[in-house]
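An overview of the molecular structure
Spelled out from the first residue to the last, the chains are:
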Amino acid sequence: MSDILLAMISPIVFAGTIRIATPLIIGAVGGCFTNRAGTFIIAYECFMLTSAFFATWGSYMTGSAIGGSLIGIIACIVMGIIFGMLVFHYKADALIISIALNFGAWAITTLLLQSIFGARGAFISEKIISYDQIHLPFLDGLPFITTVFNDKIILVYLSYVIMFIGYIVMYKTTFGLRVRGVGINPTAAETAGVNLLKYKWVTLLIMSVLTGLAGSYIPLSGVSMFTENMTSGRGFLCLAAVLVGQGNPIKAGLIALLFAYTDALFLTLTSFELPTQLLSTMPYFAVIIVLLVNGIKEHKMLARVS
């Protein structure tokens, strides 16, 4: 038991947490903007999986991780335009479109994997260039800190910059104020001269760019490969972080870190001869607990108001 407790606070687990949390944080920050603008979208899995495939293809074709990420982002922008046209202009049901996109992305990326790379299940190639790790010499004298934060790729550090910038834009700028106004009371915002459709489109594009960047991290973080359904539910974890964080980028980022910690802990505890079937449920069990606690807090707040 003591070994398990030590494993729970080991630098290896925290280093894994930082690494695993990166796509969740970036994707959740993007989702905060559509959430606060009142756009109901749960197609995070679609956006991230689509980006993961096209980032792999882009890196393979260009020989550059940055080129791969850019192509992944462009693919997500296309998916965002499709969603926006169907929901904003043709008044399709956002829930149905989101579900269709989530299932469609799995099918399309599997088809493209076979038709483009001639592979089933997974494709690995030396031509898929991942991001290089960055070594920070000033952390070398701090054993625990250097294990957790050193030798990570640029997107890991960028995710926290994006989280704080997202918070500043959301709560410290006129744009963020209008976005929140559109989501809270669209009638009042429209009366004040705010173009609702414009802000919904802008926030959808922000979400598309950030989920595209998040999705590109998965194949280009060092694995240099693509597998079917590579996101493995990360999009739904982003959605949960957004909902629990109530559209606040910092809160959503912290919730994403919690989910990542349980995932990293699962990977570590598999070496302790514990049932892997039970351990694999830890990230999703954490989601249920967080949603339950959040629901209880909201219920108490409503009870006090009434």
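Okay, so let's go over this structure. Keep in mind the model is a prediction, meaning the values are calculated, not measured. All residue numbers refer to positions counted from 1 along the written sequence of the respective chain. The model is predicted, so local features are restricted to residues of pLDDT at least 70 and side-chain atom pairs to those at 80 or more, both for listing and for counting; the totals for chains, interfaces and linings are taken over all residues. With hydrogens and water stripped out, all remaining heavy atoms of the structure feed into the side-chain values.

1. Description of the overall build of the chain
Comment: elements are numbered from the N terminus, with helices defined as DSSP H or I runs of at least four residues and strands as E runs of at least two. What the chain contains, in helices and strands, is 14 helices and 4 strands. Taking 306 residues into account, the globule formula puts the C-alpha radius of gyration at 19 Å, and the chain, at 20 Å, falls close to it. Taken over the C-alpha atoms alone, the chain extends approximately 60 × 55 × 40 Å along its principal axes. Per-residue burial for the chain yields a buried fraction of 49% across its 306 residues. Taking contacts inside the chain between residues at least 6 apart in sequence as the whole, the part at least 24 apart equals 75%. Summing over all exposed atoms, the chain offers an accessible surface of approximately 14900 Å²; the carbon and sulfur share of this is 70%. Under the convention used here, Asp and Glu are negative, Lys and Arg are positive, and both His and the chain ends fall outside the count. To locate a charge, take NZ of a lysine, CZ of an arginine, CG of an aspartate or CD of a glutamate. Averaging the coordinates of the 16 positive side-chain charges in the chain and doing the same for the 12 negative ones gives two points 16 Å apart. Between the two quantities, the radius of gyration covers C-alpha atoms and the globule rule is 2.2 Å times the number of residues to the power 0.38. Here the term buried applies to any residue with accessible area under 20% of the maximum for its type, exposed to any over 50%, and partly exposed to those in between, with areas from a 1.4 Å probe on protein chains only. By definition in these notes, contact holds between two residues if any of their heavy atoms fall within 4.5 Å. Residue-level accessible areas treat just the shown protein chains as cover; the underlying method is Shrake-Rupley with a 1.4 Å probe.

2. Observations concerning the layout of surface pockets
Roughly 340 Å³ of volume is contained in the largest pocket. What lines the largest pocket is a set of 17 residues, among which Arg19, Ile20, Ile218, Ser221 and Arg234 lie closest to the centre. Elements with a minimum of two residues in the lining of the largest pocket: helix H2 (11-36), helix H10 (196-220) and helix H12 (249-269). For cavity detection a 1 Å grid was placed over the protein atoms alone, and a set of points counts as a cavity when a 1.4 Å probe fits there but cannot get out; an open set counts as a pocket when protein lies on both sides within 12 Å along at least five of seven lines, with lining residues being those that have an atom within 4 Å of a point. Grid points are joined across faces, edges and corners, and a volume is the space filled by probe spheres set on the points.

3. Overview of the packing of H2 against helix H7 (residues 154-172)
Close contact between H2 and H7 brings their axes to 8 Å; oriented N to C, the two are set at 20°. Classified by the angle their axes make, H2 and H7 are roughly parallel. Of the two elements, H2 crosses H7, and the hand of that crossing is left-handed. Residues Ile18, Thr22, Ile25, Ile26, Val29, Cys32, Phe33 and Arg36 of H2 form the contact with H7, whose own contacting residues are Leu155, Val156, Ser159, Tyr160, Ile162, Met163, Gly166, Val169, Met170 and Tyr171. Residues are sorted three ways: Asp, Glu, Lys and Arg are charged, Ala, Val, Leu, Ile, Met, Phe, Trp, Tyr, Cys and Pro are nonpolar, and all the rest, Gly among them, are polar. Split into classes, the residues belonging to the contact of H2 with H7 amount to 14 nonpolar, 3 polar and 1 charged. In this analysis, axes come from line fits to C-alpha atoms, helices being fitted only over the stretch in contact, and the angle between any two N-to-C directions falls in the range 0 to 180 degrees. Roughly parallel means an angle under 35 degrees; roughly antiparallel means over 145; roughly perpendicular covers 65 to 115; every other angle is labelled oblique. Each crossing gets its hand from how the near helix is turned against the far one by less than a right angle, where anticlockwise is left-handed and clockwise is right-handed.

4. Notes on the side chain of Lys200
Here Lys200 shows up in helix H10. Salt bridge, as used here: a side-chain nitrogen of Lys or Arg that lies within 4 Å of a carboxyl oxygen of Asp or Glu. Here Lys200 occupies a buried position and makes no salt bridge, while the nearest side chain of opposite charge, Glu190, is found at 11 Å. Those residues in contact with Lys200 that lie beyond four places of it in its chain are Ala37, Gly38, Thr39, Phe88 and Val182.

5. Some remarks on helix H4 (residues 65-89)
To estimate how far a helix should extend, the number of its residues minus one is multiplied by 1.5 Å. Between its first and last C-alpha, H4 extends 35 Å over 25 residues, near the 36 Å set by a 1.5 Å rise per residue. A positive phi of about 60° marks Lys91, the residue just after H4.

6. Details of the nonpolar core
Ile25, Phe47, Phe83 and Phe259 are the most contacted members of the largest nonpolar core, which has 85 residues in total. Not counting chain neighbours up to four residues away, the residues in contact with Ile25 comprise Ser159, Tyr160, Met163, Gly253, Ala256 and Leu257. We define a nonpolar core as any set of buried Ala, Val, Leu, Ile, Met, Phe, Trp, Tyr and Cys residues linked to one another through side-chain atoms lying within 4.5 Å.

7. Things to note about helix H3 (residues 44-62)
Note that an α-helix has 3.6 residues per turn; residues three or four places apart therefore point the same way. Helix length check: H3 (19 residues) gives 26 Å between terminal C-alpha atoms against 27 Å at 1.5 Å per residue, within 8%. With respect to burial, H3 is a largely interior element, 14 of its 19 residues being buried. Trailing H3 by a residue or two, Gly63 shows a phi angle of about 70°, which is positive.

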